[in-house]
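# Working through the structure, step by step
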Amino acid sequence: MKSAAVALALVAGLGLGGVGLEVAHPVVFSTEPLVVWTAGDVPPEVSLGGIPVPALWERSQEGDLTRWTGVVSPWAPLGVWMVCSDRSCQAVLRVSPDVGLVEVRAGPGALLCLAGQVRVADRAGWATFAVAPGYHELLSEFGGEPVRRWVTVHAGERTQVTLVLAQAGTSTPMALPGSTVILGVSLVSPRELPALGAQLRLPPGWEAVPSAGVFDPVRVGELTVRVWMVRIPGSAALEEYTLAVDLGDLGVQAQTTLTVADRLPARVVVCHWDVGGDQLNLALPCRVTYNRLRWAATLVGQELPFTGRVFTQTELESLAAEWQTEP
Amino acid sequence: MRGVYAVLLVLVAFPALGLGVSIEGPRNPDGTLAMCGTFTVTVAGAAETTGHVTLVLLRTSEVLRVSLECDGDRLKSAPVQIRRSCDPAATQLSLVAEIGDAIAIATELGAGGCAVERVGKRLSGPGEPALSLRRMNNDTMDWVTAESVEPGLFSAGLNNLALDSTCAPETTHLTLAVGQATARLVLVEEGPVAGRFSGEIVAQMQPDAEDPELVLHLLTTDKEPLLRAVVREGDALALTWDGVDLRRPVKFLPVELSPVDLVLPVGCMAEVRVSVPERPDEVIWFVNGVRQAVEGPSLPVCPDAPRTLDVVALVRQGLLWGRQQTTVTIVPQVRVSFISAETGLPANEPWRCAAPLQVKVEHVQGELESILVGKLGADPRPCKLPVARVGDGVWLSIPFRPAADLGVCGGDVLWVQYVDFRGCYTAYVVLPLR
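Each value, and the rule that gives it
- Residues numbered from 1 in each chain as written.
- Chains lettered and ligands numbered in written order.
- Predicted model: local features only at pLDDT ≥ 70, side-chain atom pairs only at ≥ 80, totals over all residues.
- Heavy atoms only, no water.
- Disulfide = S-S within 2.5 Å.
- Buried < 20%, exposed > 50% of the residue type's maximum accessible area, 1.4 Å probe, protein only.
- Helix = DSSP H or I, 4+ residues; strand = E, 2+ residues; numbered from the N terminus.
- Pairing = 2+ DSSP bridges.
- Phe/Tyr/Trp six-rings, centres within 6.5 Å; stacked < 30°, edge-to-face > 60°.
- Salt bridge = Lys/Arg side-chain N within 4 Å of Asp/Glu carboxyl O.
- Contact = heavy atoms within 4.5 Å.
- 1 Å grid on protein atoms, 1.4 Å probe; cavity = no way out; pocket = protein on both sides within 12 Å on 5 of 7 lines; lining within 4 Å.
- Points joined across faces, edges and corners; volume = space filled by probe spheres on them.
- Nonpolar A, V, L, I, M, F, W, Y, C, P; charged D, E, K, R; others polar.
- Domains from an automatic or database assignment.
- Core = buried A, V, L, I, M, F, W, Y, C linked by side-chain atoms within 4.5 Å.

According to the stated counting rule, one finds 4 disulfides over all chains in the structure shown. Between the sulfur atoms of C84(A) and its disulfide partner C89(A) the distance amounts to 1.9 Å. For the disulfide bridge between C84(A) and C89(A), the dihedral angle about the S-S bond is near 110°, and by the sign convention the bridge is right-handed. Relative accessible area serves as the criterion here: at 8%, C84(A) is assigned to the buried category. Between the sulfur of C86(B) and that of C167(B) lies a disulfide, 1.9 Å long from S to S. Across the disulfide from C86(B) to C167(B), rotation about the S-S bond amounts to roughly -90°, and the bridge is consequently left-handed. Here C86(B) is found in the loop between β7 (80–83) and β8 (93–96), whereas its partner C167(B) is found in the loop between β13 (152–159) and β14 (171–178), with 81 residues between them in sequence. A relative accessible area of 29% means that C86(B) is categorised as partly exposed. Look at chain B and number its bonded cysteines as they come in the sequence; the links are 1-2, 3-4.

Okay, here's the thing in structure tokens:
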């Protein structure tokens with residue numbers, strides 16, 4: 001093994017750690033474009049076996065990231081391709097469109113079997129199969145019980161199967177000490193659950209009150225949302241906290257983060273403002289409404305509550321633009 | 001006529017007397033006098049110092065009386081030419097004869113003497129018999145010496161005065177041969193007494209209708225086929241006449257194919273190209289003896305299964321054809337696999353991160369230094385694993401533990417990939433880890 005270590009020191013100058021590049025799918029058809037997000041505006045580089053491969057890139061901006069859509073020759077070889085930015089790389093498997101791709105969302109580490117292939121779900125809970133077209137049985141196991149799902153696979157098509165979904169989120173990404181927020185968990189179960197076994201993992205001193213029906217039965221394959229009212233202690237330190245929900249029956253844990261601060265961004269204040277009660281309610285869903293805009297408009301040039309600074313016309317116009325684009 | 005009889009009487013009456021009458025001059029191997037030769041008559045043993053001899057052509061009774069002069073201890077005549085009626089006279093004295101005629105020579109000197117000689121064929125000229133092959137230069141419309149045989153008009157020639165027997169143009173024939181194929185070509189004397197014989201042939205070269213071969217056709221000028229032979233580089237046309245032969249190589253268009261002896265994995269497209277000449281007028285391709293529909297200077301090769309392809313190109317530029325062949329060896333694609341470093345068996349998926357693996361690379365042509373492994377997705381950590389040959393085309397990497405050596409773990413997908421240096425295919429396999 002010593003020799004292996006020596007050999008492995010000959011790592012090619014690729015795949016340096018770090019963020020800065022994300023791909024839409026780790027397995028792609030040779031006929032579909034590569035979709036990549038980078039932090040910068042330098043186009044990604046594509047290579048095969050260390051040999052650069054020319055690609056035609058189209059770019060668009062998505063928030064802070066640049067979305068790149070790249071086309072390489074569909075006749076280029078299949079296999080493992082490297083897509084690199086100036087800071088990191090991703091290895092993407094290019095497969096023939098003669099097969100179909102099945103992307104299974106399950107719990108991290110879940111063992112999955114489809115068409116004779118075995119996969120282990122990655123840290124994000126995803127596993128990808130490239131299998132022949134047909135009608136295949138997806139096998140897994142949750143909570144000690146087998147789970148079976150039939151999947152129809154078409155050549156050149158991508159099929160997503162959600163066996164397990166457990167996503168946590170809060171009504172606001174930023175809250176004040178002593179305020180109350182909503183913690184919600186969206187979940188899909190691969191099997192019927194007579195009752196949801198959920199256990200919150202909150203920072204010390206935080207309190208949670210389950211909404212009605214939180215522990216009700218969960219139907220197989222249906223998207224279910226369960227919520228808790230979470231009370232942040234007034235003495236909470238101003239920092240980022242992790243809120244987690246253990247879903248033991250599904251073998252997964254849903255996590256989210258919440259930042260406690262003594263000042264809030266103007267948008268957070270406006271989108272949670274209870275116009276009728278004339279108070280801030282962070283447990284309300286964040287939404288820029290006409291009434292909230294009217295309220296905010298009265299404060300242009302004045303200090304907006306809980307923000308610690310003067311609300312500007314520019315901020316109002318930005319919120320108005322968001323309101324216009326909302327459905 | 002009385003003289004003739006007198007001579008004949010002398011021949012009969014004094015055959016055994018002591019005078020030595022003889023003819024000196026060119027003779028054929030059978031002792032006959034050479035037609036068209038110039039001779040002298042000598043008489044030895046006579047007491048006289050001058051005299052005459054009489055030559056009588058027995059068939060026609062033509063008599064030629066020739067003076068003798070003292071020449072040392074003998075008497076000698078002036079030169080006498082024996083010729084045919086169509087031959088120009090080369091001396092003042094000549095006797096018109098035909099091959100086979102008998103000539104009686106008699107003298108009354110001393111006690112008298114005589115001799116009888118027969119006239120034979122002409123003697124061959126210096127260097128004869130000589131064969132030649134000439135080609136019509138289409139630019140100058142002249143016959144030029146042919147150093148090789150190529151499509152065109154040829155004249156096969158034979159110089160041999162010995163074949164000139166009569167005053168009419170004679171004919172003879174020679175044998176044409178290319179390989180095992182032979183033919184007779186009739187040669188006609190170019191003039192009544194020329195002794196030069198020739199026959200024209202037309203040479204054509206064409207691809208065989210079915211096989212990847214070139215065929216040399218020799219025709220008469222009336223397009224009557226004389227000879228058909230499959231020809232390859234090094235073959236020659238042989239002209240043979242009575243043991244004398246002349247060989248001229250068959251001329252081919254120089255052809256080169258590129259690449260030479262191509263080795264190609266299954267699935268890798270390539271082409272065999274005519275590199276010489278640069279702009280051929282026509283190319284006919286054969287693969288394993290089967291004519292291809294492609295007619296351009298490049299033959300696409302689409303390997304579908306491991307095998308050997310014999311590629312032959314018949315190439316024409318102008319009237320010249322050439323043939324060249326090469327071999328395309330289609331080999332299996334390189335195959336990679338993960339195996340257990342402990343058992344050597346194929347690695348089952350999902351593989352335990354901590355268990356040691358090796359990469360097996362099969363069907364490798366030539367040398368291989370390393371093989372690339374890595375993790376699928378983010379942070380791929382590609383690594384070159386050194387490999388060592390363990391069999392014919394089989395290479396094995398050093399052992400490695402995915403978790404310890406690559407930093408990958410459960411849920412990750414390991415890959416190994418071989419990229420063909422031509423870029424036409426990749427051999428890869430993935431291995432989910434647990």
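From this point on, the discussion continues.
On to the sheet that holds strand β18 (residues 174–175) of chain A. Residue and element names in this part refer to chain A. Across the sheet, 4 strands lie side by side as β18-β24-β23-β20; this open sheet has mixed pairing. Sheet topology places β18 and β20 (198–201) at the edges, where each strand pairs with a single neighbour. Bridge analysis of β20 against strand β23 (residues 240–247) gives 4 bridges, and the strand direction is antiparallel. If you follow A198 over to β23, its bridge partner there is L247.

Residues and elements named next belong to chain B. In this chain, V276 is followed by P277 through a cis amide linkage whose omega measures 0°. Tracing the chain through its elements places P277 in the loop between β23 (270–276) and β24 (282–287). In this model, E349 is joined to P350 through a cis peptide bond whose omega is -5°. By the element assignment, P350 lies in the loop between β29 (335–340) and β30 (357–362). Positive phi is not limited to glycine here, since D242 has a value of about 50°. Mapped onto the elements of the fold, D242 is located in the loop between β19 (236–241) and β20 (244–249).

The subject of this paragraph is the packing of aromatic side chains. Residues and elements named next belong to chain A. All told, the structure shown has 5 aromatic pairs over all chains when counted by the stated rule. Ring plane angle 10° and centroid distance 4.1 Å describe the contact between W273 and W295, whose orientation is recorded as stacked. Within this pair, whereas W273 is found in strand β25 (residues 273–274), its partner W295 is found in helix α3 (residues 290–297), the two being separated by 22 residues in sequence. Across the pair, W295 and W273 agree in class, each one buried. Between Y290 and W323 the ring centres are 5.9 Å apart and the planes differ by 40°, which places this aromatic pair in the tilted class. Taken as a pair, Y290 in helix α3 and W323 in helix α4 (residues 313–325) lie far apart in primary sequence, 33 residues in all.

Further remarks concern the pattern of salt bridges. All names here are of chain B. Counted according to the given criterion, the structure contains 31 salt bridges over all chains. One salt bridge in this structure joins E150 and K251, with 4.0 Å as the shortest N-O distance. Residue E150 is located in the loop between β12 (142–145) and β13, and its partner K251 is located in the loop between β20 and β21 (256–258); the two are separated by 101 residues in the primary sequence. The class for E150 is buried, based on a relative accessible area of 16%. When its relative accessible area of 35% is taken as the criterion, K251 is described as partly exposed. Here the salt bridges do not stand alone but share partners, grouping R84, D87, R122 and D164 into one network.

Time to look at the environment of V300(A). All names here are of chain A. Structurally, the position occupied by V300 is in the loop between α3 and β27 (303–304). Accessibility expressed as a relative area gives 26% for V300, which makes it partly exposed. Leave out the neighbours within four places in its chain, and V300 touches F311, T312, Q313 and L316.

A few words now on the layout of surface pockets. Looking at the largest pocket, its volume works out to about 870 Å³. The wall of the largest pocket is formed by 37 residues, among which P26(A), D122(A), T128(A), L376(B) and G377(B) lie closest to the centre. Contributing elements (two or more residues each) for the lining of the largest pocket: β1 (21–23), β9 (89–95), β12 (117–120) and β13 (126–131) of chain A together with β32 (377–378) and β36 (426–432) of chain B. Its volume calculated, the second largest pocket comes out at about 570 Å³. L368(B), S370(B), Y418(B), V419(B) and D420(B) are, among the 30 residues lining the second largest pocket, the residues nearest its centre. Counting residues per element, the ones that place at least two in the lining of the second largest pocket are β8 (79–84) of chain A together with β22 (262–265), β31 (370–375) and β35 (413–419) of chain B. With 4 residues, β35(B) is the single largest residue contributor to the lining of the second largest pocket. Considering only residue class, the lining of the second largest pocket consists of 19 nonpolar, 6 polar and 5 charged. Each of domain 3 (256–331) and domain 4 (335–432) of chain B contributes no fewer than three residues to the lining of the second largest pocket.

What follows covers the pairing of β36(B). Every regular strand shows the same layout, with side chains that alternate between the two sheet faces. Residues and elements named next belong to chain B. Among the 7 residues of β36, 5 are classified as buried, and the element is accordingly described as predominantly covered. By the bridge criterion, 7 bridges tie β35 to β36 in an arrangement that is antiparallel. Across the sheet, V416 pairs through a bridge with V429, a residue of β36. With antiparallel pairing between neighbouring strands as the criterion, β35 and β36 make up a hairpin whose turn holds 6 residues, including G423 at a positive phi of roughly 80°.

Moving on: the nonpolar core. V102(A), L112(A), F129(A), L138(A), L163(A), W206(A) and L247(A) are the most contacted members of the largest nonpolar core, which totals 62 residues. With 5 residues, the single largest contributor to this core is helix α2 (residues 266–271) of chain A. If we skip the residues at most four places from it in the chain, L112(A) touches V104(A), A106(A), Q117(A), V118(A), R119(A), A121(A), A127(A), F129(A), L138(A), L139(A), S140(A) and L163(A). Core analysis: the next-biggest nonpolar cluster, separate from the first, contains 50 residues, L262(B), V287(B), A355(B) and V373(B) among them.

Any functional reading would require information beyond the geometric quantities listed.
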